[in-house]
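# A closer look at the structure
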There are 2 protein chains.
Amino acid sequence: MSEETVLLAHGSGGQLSHELVERVFGRQFDNPILAALNDAALLDSLRSTDGARLAFTTDSYVISPLFFPGGDIGKLAVCGTVNDLAVMGAQPRYLSAAYILEEGLPMSTLERVVASMAETARTAGVQIVTGDTKVVGHGAADGLFINTAGVGIVPPGADYVPAHLQRGDRILVSGTMGDHGMAVMMEREGLQFSTDLQSDCAPLNGLIGSLLDAVPDAVRCMRDPTRGGLVATLNEWAGAAEVGIVVEENAIPLREQVRGACEILGLDPLYVANEGKVVVAVAPEQAEAALAALRAHPLGREAAIVGQVTSDHPRRVVARTPLGAHRILDMLVGEQLPRIC
Amino acid sequence: MSEETVLLAHGSGGQLSHELVERVFGRQFDNPILAALNDAALLDSLRSTDGARLAFTTDSYVISPLFFPGGDIGKLAVCGTVNDLAVMGAQPRYLSAAYILEEGLPMSTLERVVASMAETARTAGVQIVTGDTKVVGHGAADGLFINTAGVGIVPPGADYVPAHLQRGDRILVSGTMGDHGMAVMMEREGLQFSTDLQSDCAPLNGLIGSLLDAVPDAVRCMRDPTRGGLVATLNEWAGAAEVGIVVEENAIPLREQVRGACEILGLDPLYVANEGKVVVAVAPEQAEAALAALRAHPLGREAAIVGQVTSDHPRRVVARTPLGAHRILDMLVGEQLPRIC
C-alpha cells in the first residue's frame, strides 16, 4: 500500500480540503470555537465593556505570480484577512504580518509588496501591529509567502452564521464572479487576450458596513467566496444549514472577459476564486433594500440577487439554466486553479 | 551595481534582521504599537471590563528538520507564540494555526505534527481556534511551514518593556543556554556525540506566572531568547533602554554537551537559540526571591543570576570572563544557524 501524501487538491477549498480539516485538524484541535468552522473564530470569553466580542482569523498567501493585474500578494494578504473578519460582522482592527522569504528574493520586490500592504491597510482602516520574518535557503520556498492574522470587534447582536439560513431567504452577490482567479490565471499562463481583466481584490469591510447599516436585521449570513468560488460557499452553507439553494444561472453577474477566458480554458466561473466580493443571504422581504444598499457602494455597483434558499434538495446547490434545465453544482473534489491566493 | 537581495542573515535575529524590520516594515507600517517592537503587540484600545488589555503576536516556523530531539515544528509553533505572549505578561488564550504544505508531504507527517500541536496546546492551556491550509507544488516549499498567531490577556498593571530597565537591575536566566539550537544542529548535520542533548522547547506561561505571583513588583522586563540567543536579547534591551549590561560568563548555565558541541563547531552558545527559557530583569533587592521562584518551577530548576544593568558602556553588552577580562558581546551581523525555528 502506498503512503498517503498531501495533494494540491487538499489546498483547493474543495472537498478534499474539507476532509483534511475535519479529519486532521478538527479531530486534534477539538473545541467548539474551531468546530464552528467560520471564516473567523468568535471569542466569546473576550468581551469588552459594551458586550462586543472579538473575532480572530488567519490565512497564509502563496499566490503565484506575486504581482498580477489588480493586485499583488501583499494587497491580497491584507484584503483576505480583513474580509474574513468582515463577513463575520466584525470590524477589522489589527493585523499581524509574517513573511517567509526565499534567499535571493530581490529586496525591491519585498519593498513593493510591503508598501502595497501598508496602502491596503490604510484603505481598510486597519493597523499592522506585529510581525515576523523568516528566510529559507534558495529553493526551499517560492519567492515569498505571507501570513496575516487579524483581530476585529464584533458588535453586540452581530451573529451571521449559515445555521441562520431559512427557506425563502434570497442569495445576493456583490458583483461579478471569477475576476480574481481568471486575472491571476491569465497572468500566470502568459495568456494575452485583448482584455483589461483585473483581480477584484479589495477590502470589503466598508461595503459590508454599509449593508449592515442599511438593513441591520435582514442579513442571515455572509461569506467571501474565495477558493472554490461561489459554488464552494453555497455548498458549505447548504451543508451547514441542511437546506437547498437554487441559483438562476443567468442572474449571476459575469464579465464578458471572464466568460470567454473560462470557455477557452474549460473552467466554470462559478468555481473560480474572488477576492473582493461578498455573498449574502437575506430575509426575502428585505432583499431589494439589501440590493440597493450594496449597489450604492462603489464595490457593489454590479450586485445582484442570484438565488434563494429552498427546502427542496437539502444539502444541494442547484443552478437553473436559462433554458429552464437544472444542473447540480457539486463541490469540486480536486484543484481547478492552484496557488490562486 | 548589483541588485540587493534577501540574505539568510535577514532572518537570523541579528543585526541584519533589525535593519530589515526598521527599514522596510517600520517605515511602511508606521504606528506606535508596531514601533514598540515588542514580542507581542499590546492593543490598548481593546480592553475588557476589568481593564485588561489584549496582546497579539505571530511567528512563522520553518525549522529543518521537522522532528528533532525534544520536539518538532508543531510543538515549537505552539511554544513560540505562547512564549511571545507570556514574556509580555499576557496570559495566552487563543492561537491560530496556518499551514503551508508541500505537495507530496506524507499525511502521517502532518498528522504527527498536528497531534504534537494539540498536546502542547493542552499543556499550555490554550485553544487553537482558527486556521488555514495552503498546498504548493513539489519543490515550492520545503515540506511544511507553520504560522501561529496568538491572543492573550494582559492583566491590569502588567507592563514589562526594556525601557523599564534601571541601573543595578539583576539579569536572570531560567536555565541552560543554547540547548534548542545545538540539539537541532546536531540532528540536522547528523552529528552523533554520545549525548542525550534535547531541545528545551516548552511553553513558559506557567513558569512566568509563578514568577509574577511570587514577586509581582520586581520584574522590569522579560524575553525568550530565541534566534540570536541570550546575546541578541540583551543587546536589544541595552539598545532600547540605553543602558549597559554586564554578564558573568561563568555564571551562565550551560550543559556540558552544548559547551562541547559548540567548541567543535566553532559556535558561541550565548548566541544560540533557546525555545524554553526566559531572561528576566528584576529589581536588585528582589533578585534572590525571583531566583527562588524560578527554581521552584520544573522548567526553572537551573535558573541563575547571570549579570546586571550598569550605567557604564551604554548600549553595550559585556561579558566578564572567569579570568576577569572583558569581551564585548556584539549582535551578530550574519547567520549562525539558519532555520533554527
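Criteria and thresholds
Residues numbered from 1 in each chain as written. Chains lettered and ligands numbered in written order. Predicted model: local features only at pLDDT ≥ 70, side-chain atom pairs only at ≥ 80, totals over all residues. Heavy atoms only, no water. Helix = DSSP H or I, 4+ residues; strand = E, 2+ residues; numbered from the N terminus. Buried < 20%, exposed > 50% of the residue type's maximum accessible area, 1.4 Å probe, protein only. Lys, Arg positive; Asp, Glu negative; His and termini not counted. Salt bridge = Lys/Arg side-chain N within 4 Å of Asp/Glu carboxyl O. Polar contact = N/O pair within 3.5 Å; in protein donor to acceptor, adjacent residues only side chain to side chain. Contact = heavy atoms within 4.5 Å. Phe/Tyr/Trp six-rings, centres within 6.5 Å; stacked < 30°, edge-to-face > 60°. Least-squares fit on C-alpha atoms with pLDDT ≥ 70 in both. pLDDT = per-residue confidence, 0-100. Buried area = accessible area lost by both parts, 1.4 Å probe. Nonpolar A, V, L, I, M, F, W, Y, C, P; charged D, E, K, R; others polar.

### A few points about the side chain of A:Glu102
Considering the arrangement of structural elements, one finds A:Glu102 in strand S5 (residues 91-102). It is A:Arg339 that comes nearest to the buried, bridge-free A:Glu102 among opposite-charge side chains, at 8.6 Å. Within the local environment of A:Glu102, its side chain forms a polar contact with the side chain of A:His138, the two groups lying 3.4 Å apart. In this structure the side chain of A:Glu102 is engaged in a polar contact, spanning 2.8 Å, whose partner is the backbone nitrogen of A:Gly143. Excluding residues that lie within four positions of it along the chain, A:Glu102 makes contacts with A:Val136, A:Gly137, A:His138, A:Gly139, A:Ala141, A:Asp142, A:Gly143 and B:Val6.

### Observations concerning the packing of aromatic side chains
To describe a pair of aromatic rings, one takes the distance between the centres and the angle between the planes. Throughout the structure, instances matching the rule amount to six aromatic pairs over all chains. Seen from their ring centres, A:Phe25 and A:Phe29 are 6.3 Å apart, and the 20° between their planes marks the pair as stacked. The residues A:Phe25 and A:Phe29 share a single accessibility class, namely buried. Ring centres 4.6 Å apart and planes at 25° place the aromatic pair A:Phe25 and B:Tyr99 in the stacked group. With A:Phe25 in helix H1 (residues 15-28) and B:Tyr99 in strand S5 (residues 91-102), this residue pair bridges two chains. Taking relative accessible area as the criterion, A:Phe25 reaches 6% and is therefore assigned buried.

### Overview of the relation of the copies chain A and chain B
With an RMSD of 0.0 Å, chain A superimposes on chain B once it is rotated by 180° and translated 0.0 Å along the axis. Such a combination of turn and shift is consistent with a two-fold rotation axis. Residue by residue, 100% of the interface of chain A is reproduced at the interface of chain B, so both copies engage with the same surface.

### What about unusual backbone geometry?
Phi is mostly negative for residues that are not glycine, and the peptide bonds are mostly trans. Residues and elements named next belong to chain A. Going from Ser64 to Pro65, the amide bond is cis rather than trans, its omega being 0°. Mapped onto the elements of the fold, Pro65 is located in the loop between strand S2 (53-61) and strand S3 (67-68). Phi is positive for Glu242, close to 55°, though the residue is something other than glycine.

### Side note on the side chain of A:Asp200
Residue and element names in this part refer to chain A. Inspection of the secondary structure puts Asp200 in the loop between helix H5 (179-189) and helix H6 (205-214). Only 3.0 Å separates the side chain of Asp200 from the backbone nitrogen of Glu275, close enough to count as a polar contact. Among the polar contacts made by the side chain of Asp200, one reaches the side chain of Lys277 at a distance of 3.2 Å. With residues up to four places along the chain from it excluded, the contact list for Asp200 reads Thr176, Asp179, His180, Asn274, Glu275, Gly276 and Lys277.

### Some thoughts on the pattern of salt bridges
Think of it this way: side chains of opposite charge can pair up when their charged atoms draw near. All names here are of chain B. Scanning all chains against the criterion turns up 38 salt bridges over all chains. Notably, a salt bridge pairs Asp169 with Arg220, separated by 3.0 Å at the nearest N-O pair. Taken together, the positions of Asp169 in the loop between strand S7 (144-154) and strand S8 (170-173) and Arg220 in strand S9 (residues 219-223) put the pair 51 residues apart, joining distant regions of the chain. You can call Asp169 buried: its relative accessible area is 0%. For Arg220, a relative accessible area of 16% puts it in the buried group. Residue Lys277 is joined to Asp179 by a salt bridge in which the shortest nitrogen-to-oxygen separation is 3.8 Å. On the criterion of sequence distance, the pair formed by Lys277 in the loop between helix H8 (256-265) and strand S11 (279-282) and Asp179 in helix H5 (residues 179-189) is long-range, its members being 98 residues apart. Under the relative-accessibility criterion, Lys277 is labelled buried at 6%.

### With respect to the confidence of the model for chain A
When the pLDDT values of chain A are averaged, the result is 93; 98% of them are 70 or greater. Prediction confidence for the complex, expressed as pTM and ipTM, is 0.96 and 0.96 respectively.

### Digging into the interface of chain A and chain B
In many reports, interface size means the accessible area that the parts give up when they come together. Each partner contributes residues to the interface: chain A has 79 residues there, and chain B has 79 residues. Summing the contributions of chain A and of chain B, the shared interface buries around 6,700 Å²; its carbon and sulfur component is 68%. On inspection of chain A and its partner chain B, the count reaches six salt bridges. For the pair chain A and chain B, the number of links is 22 residue pairs in polar contact (both at pLDDT 80 or more). When residues of the side of chain A that touches chain B are traced back to their parent elements, those giving at least two are H1, helix H2 (32-35), strand S1 (41-47), S2, S5, helix H4 (107-124), strand S6 (127-136) and strand S7 (144-154) of chain A. The class makeup of the residues in the side of chain A that touches chain B is 41 nonpolar, 22 polar and 16 charged.

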